[in-house]
Every structure is written in C-alpha cells, then in structure tokens.
Amino acid sequence: MRCSAKDLKKALDTIGPAVSKAPHDEKIESDFVRVVVNSDHTVDLYGASADIIITTRIGCTADKPFEFIVKATQFKNIVSRLPGEISIVKRYNEVSIKSSRSEYVINSIDIFPDIPKLTTKGSVTANAGIAEGILKRVKICALPKPTKPELHGVMIHIGNEFIEFCATDAVRVAYEWTEAAGENRGAGTISLSAAKLIEKFCKDASKKGKDAVVHFTIGKRYLLFVAYPHFILAKLIEKDRFLDIGKLVPKTFSVSGTVSVNEIISSLNQAENILRDSVDPGAVINIIHNPDGQSSLTVEAKNEYSRSKMTESIDAVTVTGKTDTKSGVEQHNERLYSSEVKVNAGIIKDMISVLGDQKDSTVTISLPDHPALPVVIESPKHKNYRGLIMGMIE
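Residues numbered from 1 in each chain as written. Predicted model: local features only at pLDDT ≥ 70, side-chain atom pairs only at ≥ 80, totals over all residues. Heavy atoms only, no water.

*Asks:* Lay out the packing of helix 3 (residues 128-138) against helix 4 (residues 192-206) in plain terms, naming residues and giving numbers.
*Replies:* Helix 4 packs onto helix 3 with a crossing angle of 145° between their chain directions and a minimal axis gap of 8 Å. For the element pair helix 3 and helix 4, the recorded crossing hand is left-handed. Of the residues in helix 4, those touching helix 3 at Ala128, Gly129, Ala131, Glu132, Leu135 and Lys136 are Ala195, Ile198, Glu199, Cys202, Lys203, Ala205 and Ser206. A breakdown of the residues in the contact of helix 3 with helix 4 according to their chemical character gives seven nonpolar, two polar and four charged. (Axes fitted to C-alpha atoms, helices over the stretch in contact; angles between N-to-C directions. Helix = DSSP H or I, 4+ residues; strand = E, 2+ residues; numbered from the N terminus. Left-handed = near helix turned anticlockwise from the far one by under 90°. Contact = heavy atoms within 4.5 Å. Nonpolar A, V, L, I, M, F, W, Y, C, P; charged D, E, K, R; others polar.)

*Asks:* For unusual backbone geometry, give the residues involved together with the corresponding values.
*Replies:* The amide bond that connects Tyr228 to the next residue, Pro229, takes the cis arrangement and shows omega of 10°. Looking at the secondary structure, you find Pro229 in the loop between strand 16 (222-227) and strand 17 (230-239). At His41, a position not held by glycine, the phi torsion is positive, near 65°. Relative to the elements of secondary structure, His41 occurs in the loop between strand 2 (32-37) and strand 3 (42-48).

*Asks:* How would you sum up the sheet that holds strand 21 (residues 308-315)? Please name residues and give values.
*Replies:* As summarised here, the arrangement of the four strands in space is 21-20-19-24, forming an open sheet in which the pairing is antiparallel. The sheet terminates laterally at strand 21 and strand 24 (337-344), the two strands that pair on one side only. Averaged over all adjacent pairs, the angle separating strand axes in this sheet is 15°, with direction ignored. Pairing of strand 19 (residues 282-289) with strand 20 (residues 296-303) involves five bridges; the strand directions are antiparallel. When the bridges of strand 20 are listed, Asn286 appears paired with Thr298. (Pairing = 2+ DSSP bridges.)

*Asks:* Can you explain the packing of aromatic side chains? Please cite residues and give values.
*Replies:* Two descriptors summarise a pair of aromatic rings, namely the distance from one centre to the other and the angle between the planes of the rings. In this structure the tally under the stated criterion is six aromatic pairs. Here Phe165 and Phe216 contribute two aromatic rings whose centre-to-centre distance is 5.9 Å and whose plane-to-plane angle is 75°, an arrangement assigned as edge-to-face. In this pair, Phe165 sits in strand 11 (residues 162-168) while Phe216 sits in strand 15 (residues 213-219), placing the two residues 51 residues apart along the sequence. A residue is classified by how much of its surface remains accessible, and Phe165, at 1% relative accessible area, is buried. Consider the rings of Tyr228 and Phe231, whose centres lie 6.1 Å apart with planes at 85°: the pair is edge-to-face. (Phe/Tyr/Trp six-rings, centres within 6.5 Å; stacked < 30°, edge-to-face > 60°. Buried < 20%, exposed > 50% of the residue type's maximum accessible area, 1.4 Å probe, protein only.)

*Asks:* Break down empty space enclosed by the protein for me, with residues and values.
*Replies:* Tallied over the full model, the rule gives one cavity of 30 Å³ or more. Considering the residues around the largest cavity, the lining is formed by Glu150, Leu151, Gly153, Met155, Thr168 and Arg241. Partitioned by chemical class, the residues of the lining of the largest cavity number two nonpolar, two polar and two charged. (1 Å grid on protein atoms, 1.4 Å probe; cavity = no way out; pocket = protein on both sides within 12 Å on 5 of 7 lines; lining within 4 Å. Points joined across faces, edges and corners; volume = space filled by probe spheres on them.)

*Asks:* Lay out the pattern of salt bridges in plain terms, naming residues and giving numbers.
*Replies:* Summed over all chains, the structure comprises 16 salt bridges. For Asp13, the salt bridge is made with Lys76, and the minimal N-O distance between the two is 2.5 Å. One end of the pair, Asp13, is in helix 1 (residues 5-14); the other, Lys76, is in helix 2 (residues 72-81), and 63 residues separate them in sequence. On the basis of relative accessibility, which here comes to 34%, the residue Asp13 falls in the partly exposed class. One continuous salt-bridge network, built from bridges that share partners, spans Lys9, Asp13 and Lys76. (Salt bridge = Lys/Arg side-chain N within 4 Å of Asp/Glu carboxyl O.)

*Asks:* Before we move on, can you summarise the pairing of strand 7 (residues 94-98) with the specific residues and values?
*Replies:* The side chains of a regular strand alternate between the sheet's two faces. Across five bridges, the pairing between strand 6 (residues 85-91) and strand 7 is antiparallel. Bridge pairing links Ile88 to Ile97 in strand 7. In this antiparallel pair of consecutive strands, strand 6 and strand 7, the connection spans two residues, and Tyr92 shows a positive phi of 55°. Relative to strand 8 (residues 103-107), strand 7 runs antiparallel, the two being bridged by five bridges. Directly across from Ile97, in strand 8, lies its bridge partner Tyr104. Counting the residues that bridge the hairpin from strand 7 to strand 8 gives four residues.

*Asks:* Explain the sheet that holds strand 6 residue by residue, including any values.
*Replies:* Strand order in the open sheet formed by four strands is 1-6-7-8, and the pairing between neighbours is antiparallel. Sheet topology places strand 1 (2-4) and strand 8 at the edges, where each strand pairs with a single neighbour. Taking the axes of each pair of neighbouring strands and ignoring which way they run, one obtains an average angle of 25° across the sheet. Note that strand 1 and strand 6 share three bridges and pair antiparallel. Bridge pairing in strand 6 places Arg2 opposite Ser87. The sheet contacts of helix 1 involve strand 1 and strand 6, and relative to strand 1 the element is tilted by about 75°. Against the sheet, helix 2 engages strand 6, strand 7 and strand 8, with an angle of about 175° to strand 8.

So this is what it looks like as structure tokens:
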C-alpha cells in the first residue's frame, strides 16, 4: 500500500481523541490504531476508547486489501518523520513502513475492540454550520466533570423533520432545535467529550461551504455521527431520554429586558472581579421598565469580606412589563415597574457569552414572578434557543 505521509498523519490526528486522550479502561486498550486497506484504493483508520470510536478515510494505491493493528503513538511518530509518499507492507506479524530513505519495522497485534452494529431508531441530515453553533451554545450547560454521568453530556432528540439538543447541570439548562431532514425518532445522551468532538467536526465540515451537511443516527446504544470522511460512534450515557423544556419555562414573567451582549458581559466581568474571593458568587440583576423614560438593566455585586461593591447600569434596547408567555400580552405596560433576581455571576456570564460576539448582538433576560422559578435567557438572533438558570434564594 502506498499513500501520502502527510495525509496519513492528518488521519492519525483525526482519530487522536479516541486514542491519546481516551480514559483508561481495563477492557479497551486505547493506544492502538486499526488500519484497513480496502480494494477501492482507500484506507480506513479506527481509534477506540471507552465511549467513542472514530473512523476516517484517506486515498491510497493498493495491490490487495489487508489490515493491521499497531501501537498508535509509535505509528504516528514514525509517519511524522517520513516525507512524501510512503509504502506499508504487512508480513505475518510485522508491518514495514518505508520511504525513499528510511524503513521502520514494527510489530502488529490481533486484538482491537469490536465495532458494534448500529440498530437505527432515528436518522437526520442537518446543516453543519447550524449544528456546530447549537452545540457551542448548548454544551456550556453540561456538568464539566463526570461526578453525575447523566448530567455530564448533551441530550439529543431526533424527529422526522428536526433535531434538538439540550444540556443541564441541574442549576441551568440550555436548549435549541433546528430543522433537519430525516425519518423515525430516537433520543439519547452522549458524553461531553463526544459532543465537543462532534462540534469540531461540524466546524470543519462547514468550511466546505454554507450548504455542507452532517448526519446524526441514533441507535439503541450508540449515536453515529457522519461528516464524511469522518465517522464518530458515541456511546449513549442514557437512552430514550430528553428533557421537556416546555414544562420548565414559567407561564408568566415579571419583567423582560433586551440588552447588548457585550455590555452585560462587561458588567458581569466586573461583578466577578468584585466577588473573586467571596463565598457568595451571586450578582443581583435588576430590570426597570419605565414607559416614560429610558428603561435599564442593572448588575450589582457586593463582597462582604473585602467590603467592596459595584453597580453598573445598562440602557436596555427594549423592556416589557409583566407578560403572559402563552399569549405574549403585556399586562401593565403603562407604569413604572421593576424586578430583580440574584444569580451566579460566572454561570450566567458563560451562558450569555456564547450567544454572539458581534457589536449588535443582543440577549433577552426575563425575570420570573416567583423566586422558585428560573430566569429565562433568549437570543433574538437564535430564535430556537432557550436558556434557563435558577436564582439564588437567600
């Protein structure tokens, strides 16, 4: 088999997250790569860890099909040193890797994790750029560490004409959906590491053009993601589960305000600085609805330990008074009205920061009329997005 050393190294980099960064698992040796030379002059490379299997394909020239399994790190180190075209030959339990000036011989083995067969429940085709953006906005709310595995991931639900994503760490929730062409239904939760990898592959695919697509297929135990020539098989942490966010959104809002993303991020950064050594990470957000003047949103933070305090007011683009979420009817828009809630400054900042970095990007924050209900975050730019965060009850 003959192929480009550069293409082979790039393929080894692609499957790397399932090899070098894979968690140790007694049943799976993660530092091996399976190389399959096909009769159609292509090469498939497989990397496997405890929760994901990554496959990618490159072109080659081959006399006949064959395959081998070698140590991934050793194989990559050799390929990285070789220029131009290389030839690979398997002889019994040895693999010869040769360039115009060098030759390396390494041992091959016969053990590699079985590639599971996928029993399809639902499958859709989605726009790569849109899928990347949704994963970026949603995954921020997943639990960063796997202390609770069911919260350390992203939920995916596939329908006949849509795909929706959701993540929660039990304090906040992010949800978004998009139209997608597909069939049947299926739902499941993938790990946060798998979600990040799929986001990266979506980003790479979107560079091919605004109409580039990716494919999601949910089976009984795995999610198959395809951004050709790359494939990811991600193990489902939970099966047939998706959060019904409609039941979590308050039926009425006390007050809602739309402000600049950049301005509120700046204010929340100042709040975080004030609260840096405080045991209380909460900042108070106050929205004032003033029909006769400039409505505003105020961020206030107080550190009892250092006796420091900050208050910063932001002119609002729009503010509405108490509103029914079903009808959208504002119940008292002709008088001065305000409401406030205390939230974790760092957590809400993270949620808002992924909603847009352009100067004209805005975010709508709606405060509930009861302290036990969540604050709702919406993006005028991303109409299908909803973010929820619980207030801090003192």
